[in-house]
Amino acid sequence: MRTLRSIQYFLLALVILAVPVTSRAQFSASITIAPPALVVYSQPICPQEGYLWTPGYWAYGDEGYFWVPGTWVEPPSEGLLWTPGYWGWNNGLYAWNGGYWGNEVGFYGGVNYGYGYGGSGYQGGYWRNNRFSYNRSVNNFGGRNFTNTYNKRVSVSTSSHVSYNGGHGGISVRPTRAQETFAHAEHTRATAAQTSHQQAAGGNHEMLASVNHGRPAVAATGKPGEFSGKDVVAARGAPAASRASETKANENKAEANKTAETKATENKAAENRAAENRTVESKATENKAEANKATETKATENRTAENKAAENRTAENKANANKAEANKAAETKATENRAAESKAAENKTAENKAAASRAAASKTRENNAAAARSNENKAAENRAAAKPAAKPERVDATPATHNATRPAQPAAKSASPRTEAKPAPAAKPAPAARPERQPAPARTESAPKQAAPQQHQPAPQQHQAAPKQEAAPKAQAARPAEEKPK
């Protein structure tokens, strides 16, 4: 058996590789043995409105063909119809083409599954205004009042129960162009309830063709997965169908209970593990959150410290810059003050120097004026002293005296070039100095020398010389103007 099964799997792999890519997804199994004839059974009662009929079929498992009971199924969405799967001959092997949901019924190999699926299309009903309308001639309602129904006769052939297309003894119907196009369009897979229904049938030993010989005790059910109860229908001609059904139902119920208990235990353990995992994850998350929070707090503190340090450095730099600016301004101010002080000192020195120069010049002028006055006084004294001595010779003495006084006038002019000499009040007591300076003898000796050429001058010249001697007081009258610079 194992060798035969290995050969079958090998041939199945070859078929899958040989099938074109566009149709490879439709095949789920391939073998060399043709499937058994379809099981003859009665349709169970429809459980409620909205359920659609899906016919039974032969599937292939590890132990060979097994029957999948027909059942009522809720479509995945409104407006969809079920296209049954079928076995087809291809390259020396039988391949299973899985069923699917679509907005119309596609090609299903021409197999007459009954109850609306007569080999092409579906005559059991149609969708209208998002509600499915049932054909009473092919659907079993069990006396229930379905409002959305209609009655249309459908011819049903019971002469053949072949379950495959092509090959030796198979149905020779080929798909139309429209059916081929629709077969390659996008479809909806079988629902989870349909898949679980097939798996449950595959796990039931009574469903094997090698055991029931084409007459399973459960040929159809009211709902997917229900292999016991009043809605279970046995195949026609099945031996002790009811007793076998009850026995199998009890076995299935015990197995289901055991499975449920095991599942509950497993679920409880899984829940406990999940709770523990959630606790550990929550703790880890909390620890991670705390660590992240501590890290963020530390980072925030570090950034705050860095910002504070940067602000302090900025403030220090600004203070240093301001201090440098203040120092520079102070130094500039001090330099300007020193320059001003130096300038003031220079100006003061220049003023002092100018004042000293003016004082010296004034002193010099005063001295010159004093010397001039002294010379004039001396000249006057000399003239006064000379007058008594010249009395015996008045005519000759007058010219001599006049000539003797003339040199004194140029001396006064040279000593005081400016005529703005202030008259000195001390010039009045000059006659008291006469006893100290009496150079009359010298002057009298020189008088004859100068008077010699002028002995014959007339007397009127003596009267002219007198005004010249009066020029000295005029110079003294102009002197007070020089003391204004003081």
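Note that the structure is predicted; figures quoted are calculated from it, not measured.

A. Molecular detail of the overall build of the protein. Per the secondary structure count, the protein includes eleven helices and 14 strands. Within the protein, buried positions represent 30% of all 486 residues. A separation of at least 24 residues holds for 65% of the contacts in the protein among residues at least 6 apart in sequence. Carbon and sulfur atoms provide 53% of the accessible area of the protein, an area that totals close to 30,400 Å².

B. Summary view of the nonpolar core. Residues Tyr41, Trp87 and Tyr113 are the most contacted members of the largest nonpolar core, which totals 49 residues. Mapped by element, the contributors of at least two residues to this core are strand E2 (52-54), strand E3 (57-61), strand E4 (64-68), strand E5 (70-73), strand E6 (81-83), strand E7 (86-90), strand E8 (93-97) and strand E11 (131-135). Among the elements that line this core, the one with the most residues is E4, at four residues. Those residues in contact with Tyr113 that sit more than four places away from it in its chain are Leu38, Pro55, Gly56, Tyr57, Pro84, Gly85, Tyr86 and Tyr108.

C. Representation of the side chain of Thr71 in the model. Relative to the helices and strands, Thr71 resides in strand E5. On the basis of relative accessible area, Thr71 is assigned to the buried category, the value being 3%.

D. Region of the structure containing helix H4 (residues 192-202). For H4, every residue scored as buried is listed here: Gln194, His197 and Ala201. The buried residues of H4 all sit within an arc of 60° when viewed along its axis, so they share a single face. Residues Ala192 and Gln199 are exposed on H4 and point more than 90 degrees away from its buried face. Packing partners of the buried residues in H4 comprise E2, E4, E5, E6, strand E9 (100-102) and strand E14 (220-221).

E. Focus on the sheet that holds E14. Taken in spatial order, the three strands of this open sheet run E2-E5-E14, and their pairing is mixed. Each edge of the open sheet carries a strand with a single partner, namely E2 and E14.

F. How the structure looks around unusual backbone geometry. Here Asn129, not a glycine, exhibits a phi torsion of approximately 55°, which is positive. Looking at where Asn129 falls in the secondary structure, it is placed in the loop between strand E10 (125-128) and E11. Given the relative accessible area of 71%, Asn129 is considered exposed. Phi at His213 takes a positive value of approximately 55°, unusual for a residue other than glycine. Here His213 shows up in the loop between helix H5 (209-212) and E14. Exposure remark for His213: the relative accessible area of 62% places this residue in the exposed category.

G. The packing of aromatic side chains, seen in detail. If you walk through the whole model with that rule in mind, you get 24 aromatic pairs. Ring plane angle 45° and centroid distance 6.4 Å describe the contact between Tyr41 and Trp53, whose orientation is recorded as tilted. One end of the pair, Tyr41, is in the loop between strand E1 (27-31) and E2; the other, Trp53, is in strand E2, and twelve residues separate them in sequence. The residues Tyr41 and Trp53 share a single accessibility class, namely buried. Considering the side-chain rings of Trp53 and Trp72, the 5.4 Å spacing of their centres and the 65° angle between planes classify their relative orientation as edge-to-face. A residue pair is termed long-range when its members are at least 10 positions apart, and Trp53 in strand E2 and Trp72 in strand E5 qualify at 19 residues.

H. Layout of the sheet that holds strand E12 (residues 149-150). Spatially, E10-E11-E12 is the arrangement adopted by the three strands of the open sheet, whose pairing is mixed. In this open sheet, the two edge strands, each paired with only one partner strand, are E10 and E12. Here E11 runs beside E12; their pairing, made up of two bridges, is parallel. Among the inter-strand pairings, Tyr134 is bridged to a residue of E12, identified as Thr149.

I. Expanded view of the pairing of E7. Pairing between E7 and E8: five bridges, direction antiparallel. In the strand pairing of E8, Gly88 is matched with Ala95. Where E7 folds back on E8, the antiparallel hairpin that results is connected by two residues, among which Asn91 adopts a positive phi of roughly 55°. Sheet topology places E7 next to strand E13 (residues 164-165); two bridges connect them, and they run parallel. Bridge assignment links Gly88 to a residue of E13, and that residue is Asn165.

J. The arrangement of the environment of Thr71 in detail. Each C-alpha atom of the pair Thr71 and Trp53 lies 6.1 Å from the other, and the pair is 18 residues apart in sequence. Leave out the neighbours within four places in its chain, and Thr71 touches Leu52, Trp53, Thr54, His197, Thr221, Gly222, Lys223 and Pro224. Separated by 3.2 Å, the side chains of Thr71 and Thr221 make a polar contact. A polar side-chain atom of Thr71 sits 3.4 Å from the main-chain carbonyl oxygen of Lys223.

K. How the structure looks around the environment of Gly166. Within the fold, Gly166 resides in the loop between E13 and helix H3 (177-183). Residues within four places of Gly166 in sequence aside, it is in contact with Trp89, Tyr94 and Ile171.

L. Molecular detail of the confidence of the model for the protein. The predicted model of the protein has a mean per-residue pLDDT of 75, with 67% of residues at 70 or higher. Per-residue pLDDT stays below 50 along residues 13-27; that stretch engages in 18 contacts with residues further than four places along the chain or on separate chains. This model gives residues 395-436 a pLDDT under 50, and the stretch forms 67 contacts once residues within four places in sequence are excluded.

M. Broad picture of the pairing of E8. The element E8 is extensively covered by neighbouring structure, given that five of its five residues are classed as buried. Where burial is concerned, the two faces of E8 agree: the one with Leu93, Ala95 and Asn97 and the one with Tyr94 and Trp96 are both buried.

About the criteria used
- Residues numbered from 1 in each chain as written.
- Predicted model: local features only at pLDDT ≥ 70, side-chain atom pairs only at ≥ 80, totals over all residues.
- Heavy atoms only, no water.
- Helix = DSSP H or I, 4+ residues; strand = E, 2+ residues; numbered from the N terminus.
- Buried < 20%, exposed > 50% of the residue type's maximum accessible area, 1.4 Å probe, protein only.
- Contact = heavy atoms within 4.5 Å.
- Areas by Shrake-Rupley, 256 points an atom, 1.4 Å probe, with all protein chains shown as cover.
- Core = buried A, V, L, I, M, F, W, Y, C linked by side-chain atoms within 4.5 Å.
- Arc of directions from axis to C-beta.
- Pairing = 2+ DSSP bridges.
- Phe/Tyr/Trp six-rings, centres within 6.5 Å; stacked < 30°, edge-to-face > 60°.
- Polar contact = N/O pair within 3.5 Å; in protein donor to acceptor, adjacent residues only side chain to side chain.
- pLDDT = per-residue confidence, 0-100.

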